[in-house]
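Residue strings, one per chain:
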Amino acid sequence: MAHDELAKEQELVTYAYECLDAMRERTRALEINAADEVTQKDLEMAIARRLASMDIGLRPLVFGRIDEAAGEVWYVGRRHVEDGNADPVVVEWRAPVAVPYYRASAADPMDLVRRRQFVADAQTLLSMADDVFDESAVDGDQPRVRGLDALLVELERSRTGEMLDIVSTIQVEQDEVIRSPQSGVLAVQGGPGTGKTAVGLHRAAYLLYGNDALARTGVLVVGPNRTFLRYIEHVLPSLGEEAVLQVTMADLVPRVRVTAVDPSDVLRAKGDASMAAVLRDALAAKRRSLDVDIDARAGVRTVRLGADEANGLGAQVATRRMPYASGRSTLRELLVKAMFDRSTADDPHAFGSLLRRDRAFVAALDRLWPSVTAAALVRGATGRTASRGWAEGDLPLLDEAEALLHGPGRTYGHIVVDEAQDLSPMQLRMLARRCPSGSMTILGDVAQGIGVWAIDSWDEAFAHLPTPAGSRTQELHMGYRSPAQVIDYAARLLPEAAPQVRPTESVRRGRTEPLVIAADDLAAAAVAEARRLSAEHGTVAVIAATSMVGDLTRALAHSGEGSGRLVGEDALGEAITVHAAPGVKGLEFDAVVVVEPAAIAEDAPRGLRLLYVALTRPTRHLTVVHRAPLPRTLEL
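Keep in mind that what you see is a predicted model, and the values were worked out from it rather than measured. Within any chain, residue numbers begin from 1 and follow the written order of that chain's sequence. At least 70 in pLDDT is required for a residue's local features to be given in this predicted model, at least 80 for side-chain atom pairs to be given and counted, and no such filter applies to totals for whole chains, interfaces and linings, which use all residues. Side-chain descriptors were evaluated using all non-hydrogen atoms of the structure, hydrogens and water having been removed beforehand.

### Structural notes on the overall build of the chain
Argument step 1. Each helix is a run of H or I in the DSSP string that is no shorter than four residues. Each strand is a run of E no shorter than two, and both are numbered from the N terminus. If you tally the helices and strands in the chain, you get 25 helices and 23 strands.
Argument step 2. Seen through its principal axes, the chain has C-alpha atoms that stretch 105 × 75 × 45 Å.
Argument step 3. Three labels apply to residues, based on accessible area from a 1.4 Å probe with only protein chains included: buried if under 20% of the type maximum, exposed if over 50%, partly exposed otherwise in between. Taken across its 636 residues, the chain has 53% of its residues classed as buried.
Argument step 4. Surface accessibility in these figures is a Shrake-Rupley result with a 1.4 Å probe; residues are shielded only by whichever protein chains are displayed. Counting only carbon and sulfur atoms, one obtains 51% of the accessible surface of the chain, whose full area is about 28000 Å².
Argument step 5. None of His or the chain ends enter the tally, which takes Lys and Arg as positive and Asp and Glu as negative. The atoms used to mark charge sites are NZ of Lys, CZ of Arg, CG of Asp and CD of Glu. When the 72 positive and 89 negative side-chain charges of the chain are each reduced to one mean point, those points stand 8 Å apart.

### So, the packing of helix 16 (residues 374-382) against helix 17 (residues 394-406)
Each pair of packed helices can be described by the angle between their axes along with the distance between the axes.
Argument step 1. Axis definition: a line fitted to C-alpha atoms, limited for helices to the stretch in contact. Angles are taken between N-to-C directions and run from 0 to 180 degrees. Between helix 16 and helix 17, the least distance of the axes is 9 Å, while the angle of their chain directions is 120°. By the angle class used here, helix 16 and helix 17 are oblique. For the pair helix 16 and helix 17, the sense of crossing is right-handed. Mapping the contact onto sequence places Ala374, Ala375, Leu377, Val378 and Thr382 in helix 16 and Leu397, Leu398, Ala401, Glu402 and Leu405 in helix 17.
Argument step 2. Three categories are distinguished: nonpolar for Ala, Val, Leu, Ile, Met, Phe, Trp, Tyr, Cys and Pro, charged for Asp, Glu, Lys and Arg, and polar for the others, with Gly belonging to the last. Considered class by class, the residues forming the contact of helix 16 with helix 17 number 8 nonpolar, 1 polar and 1 charged. By the definition adopted for this analysis, an angle is roughly parallel if under 35 degrees, roughly antiparallel if over 145, roughly perpendicular if from 65 to 115, and oblique otherwise. When the near helix sits turned anticlockwise from the far one by under a right angle, the crossing is termed left-handed; a clockwise turn instead gives a right-handed crossing. Any two residues whose heavy atoms approach within 4.5 Å at even a single point are treated as in contact.

### Structural notes on the sheet that holds strand 7 (residues 185-190)
Argument step 1. Two strands are counted as paired when DSSP detects at least two bridges linking them. The 6 strands are arranged 9-8-14-15-7-16 in an open sheet whose pairing can be described as parallel. Looking at the sheet topology across the chains shown, the edges are occupied by strand 9 (244-248) and strand 16 (471-476). In this sheet, neighbouring strand axes are inclined to one another by 15° on average, regardless of whether the strands run parallel or antiparallel.
Argument step 2. In terms of strand pairing, strand 14 (residues 414-417) meets strand 15 (residues 440-444) through 3 bridges, oriented parallel. Note on strand 15: the bridge partner recorded for Ile415 is Met440.

### Examining the pattern of salt bridges
Argument step 1. Note on definitions: salt bridges are taken to be side-chain nitrogens of Lys or Arg within 4 Å of carboxyl oxygens of Asp or Glu. For the coordinates displayed, the defined rule picks out 42 salt bridges.
Argument step 2. For Arg433, the salt bridge goes to Asp399, with nearest N and O atoms at 2.7 Å. Separated by 34 residues along the polypeptide, Arg433 in helix 18 (residues 425-434) and Asp399 in helix 17 bring together distant segments of the chain. Summarising the burial analysis for this pair, Arg433 and Asp399 share the class buried.

### So, helix 14 (residues 348-355)
Argument step 1. Residues of helix 14 that are buried include every one of Phe351, Gly352 and Leu355, and no others. Projection of helix 14 onto a plane perpendicular to its axis shows the buried side chains occupying an angular sector of 95°, all on one side.
Argument step 2. In the core, the buried residues of helix 14 are packed alongside strand 11 (294-298), strand 12 (301-305), helix 13 (324-341) and helix 15 (359-368).
Argument step 3. Counted as a polar contact is a pair of N or O atoms within 3.5 Å, where, for protein atoms, one must be capable of donating a hydrogen and the other of accepting one, and residues adjacent in sequence contribute only when both atoms are in side chains. Measuring from the side-chain oxygen of the N-cap residue of helix 14 to the backbone nitrogen of His349 gives 3.1 Å; that N-cap residue is Asp347. The arc refers to the directions leading from the helix axis to the C-beta atoms.

### Considering the layout of surface pockets
Argument step 1. The distinction between a cavity and a pocket rests on a 1 Å grid over the protein atoms alone: a 1.4 Å probe fits inside a cavity but cannot get out, while a pocket stays open yet meets protein on both sides within 12 Å along at least five of seven lines, and a residue with an atom within 4 Å of a point counts as lining. Grid points are joined across faces, edges and corners, and a volume is the space filled by probe spheres set on the points. A volume near 1500 Å³ is recorded for the largest pocket.
Argument step 2. Pro224, Asn225, Leu267, Glu392 and Pro582 are, among the 48 residues lining the largest pocket, the residues nearest its centre.
Argument step 3. Among the elements of the structure, strand 8 (219-223), helix 8 (226-232), strand 10 (258-260), helix 10 (264-271), helix 17, helix 18 and strand 21 (576-580) are those that each provide at least two residues to the lining of the largest pocket.
Argument step 4. Class assignment for the residues of the lining of the largest pocket results in 26 nonpolar, 13 polar and 9 charged.
Argument step 5. When residues of the lining of the largest pocket are assigned to domains, at least three fall in each of domain 2 (172-254 + 406-478) and domain 4 (484-634).
Argument step 6. Here the second largest pocket is characterised by a volume of approximately 830 Å³.
Argument step 7. In this structure, the second largest pocket is lined by 25 residues; those nearest its centre are Ser53, Arg94, Leu208, Gly240 and Glu241.
Argument step 8. Among the elements of the structure, helix 2 (37-53), helix 7 (212-217) and helix 9 (235-238) are those that each provide at least two residues to the lining of the second largest pocket. The start and end points of each domain follow an automatic or database-based domain assignment.

### So, the side chain of Lys270
Argument step 1. With respect to the helices and strands, Lys270 occurs in helix 10.
Argument step 2. Owing to a relative accessible area of 7%, Lys270 belongs among the buried residues under this scheme.
Argument step 3. Within the structure, Lys270 has its side chain in polar contact with the side chain of Asp262 (distance 2.7 Å).
Argument step 4. Contacts of Lys270, omitting those with residues within four sequence positions, involve Asp262, Met275, Arg384, Gly393, Asp394, Leu397 and Met426.

### Thoughts on the packing of aromatic side chains
Argument step 1. When the centres of two rings from Phe, Tyr and Trp lie within 6.5 Å, Trp using its six-membered ring, the rings pair. Their planes under 30 degrees apart give stacked, over 60 give edge-to-face, and anything left gives tilted. Scanning the model with the defined rule gives 5 aromatic pairs in all.
Argument step 2. Note on Tyr101 and Tyr102: the rings are 5.1 Å apart at their centroids and 85° apart in plane angle, and the pair reads as edge-to-face. For the pair Tyr101 and Tyr102, one class covers both residues: buried.
Argument step 3. The structure contains a cluster of three or more aromatic residues connected by ring pairs, namely Phe63, Tyr101 and Tyr102.
Argument step 4. The lysine or arginine in question, Arg268, covers the ring of Trp453, its NZ or CZ lying 3.9 Å from the ring centre.
Argument step 5. In this scheme, the term charge over a ring applies when either NZ of a lysine or CZ of an arginine sits within 6 Å of the ring centre and within 35 degrees of the ring normal. Above the ring of Trp369, the side-chain terminus of Arg287 is found at 4.8 Å from the ring centroid.

### Quick word on the environment of Glu5
Argument step 1. Mapped onto the elements, Glu5 comes out in helix 1 (residues 2-28).
Argument step 2. A residue is classified by how much of its surface remains accessible, and Glu5, at 16% relative accessible area, is buried.
Argument step 3. Taking the C-alpha atoms as reference points, Glu5 and Ala29, 24 residues apart in sequence, are found 36 Å from one another.
Argument step 4. The contact partners of Glu5, leaving out residues within four places of it in the chain, are Arg116 and Met128.
Argument step 5. Polar contacts involving the side chain of Glu5 include one to the side chain of Arg116, which spans 2.9 Å.

Here's what the structure looks like:
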């Protein structure tokens, strides 16, 4: 019976792929004869986008079905598929009718009698499992409930160096976040492996579904670093969403290269919200009053404007809410008009053109309202000399200065921010300027906050974000990445590292217990263990304090295994890679070797939290190699 059922479902899946192919052919066959060239190109681009949305790669098209009590049966999949009569063959996961596929439970079946979940390899069904909510729908030889089978199969897949979408295995608490209303600031608190990054990306795709207004204003996804962006870059395209900008915080300040590193106390000072007022006051101080009248020439005419009147015009402009550069332009035109009114000229345009080039006029304007660049303003306010390069903490200041000078830049309809627990108030202000509506999703884990601005409550972040539609927090409790043995071992740090955080509960147990190795030669022991694990697992990460990365990288290279490089754009996904602990947030690997926990705990202002991050990266196995004593709670 089970084999016959699987064969019937395979027929439907095969038919769905055939219908998708037919949809592609119908789209390619569309003839466009627009009235003008611009419209023609727009329509051609629209067709190209539609064709691109039908390219699902090797990920399964159909991943389940729901049987309603009223008799309707719906197949749920990655995208909408219809037959030649425009009747649905597969409904997209984002459609309202698909909600019970993710939300139905024994307590609330949501009018379903059955939820069937497929396990597939591309177009081939491997197995299926039913959640049955009506006893009459159960065949005698079928298990009653096997709801986690598809999820567990997905979790056991080897990691490849890039994140996959979770659209086929979204769980109830994740779906509640994904489909949460767009308005307001939503903080998603989730421990390691709860899927918060994937949830944030799927939420972006869900919010864009049929939302033309949001598509026009755009969605911005902000990640912590370039490696992280490379890791997640294929998720949204696999969900049919190409028009989402994915950036780091540094990308928001283009044409500025970070070459310096500030000590922690300086980084904290620069990140404080009070720096906004410091920059604003420093800019205001650039403006000075005139001590003498303006005697300027416009062609053959000499015109005088009293200092008091000129100063009054400057003061008048200063009361207006406008960017500084606009204020300079406004004051210049007010001065031109005032001097024209005092002249005998009869052509205001010609008079103004001549006056604006007069040295005395320009000198007076430069005193009243001098030209200022963002770089000069920040250097003056912080005392940073031009010979010193910019540091990471300068980027929010430069962005703030640019906004003061020229006004906010592009804004977005929604922003998704990952690893938000480490953002400074000034960085949060950067995001706030880009989303004044306050429609934001901020993702993170208080327990993984490691920087000088790591928060203890999401209320600390809300204080620096626009909240006209309010703010709220939703928590993810279930862990899907790491097995229970790894999660439980790492959670021993939480009572000291983050006592306010509830430990994550893993949905599965792994095949091995964490292994602790004491060694005098850390590099040799770590590389040997990584090589051993590499024979069993697809991706192995060696994670250590920043100061140890060089020795470990050289040892790995000399061993003839792995990339032998610090992970970067072209190393992620290789069999063995070496990582500095501060750079591994959000990443995952089949197996992890954590080297010298005591040193990692000294590598960040919140060192035990950083160690917690490092310990929770594996999806299968964890090994700890140490020479110095372990933190007491980690002793086995």
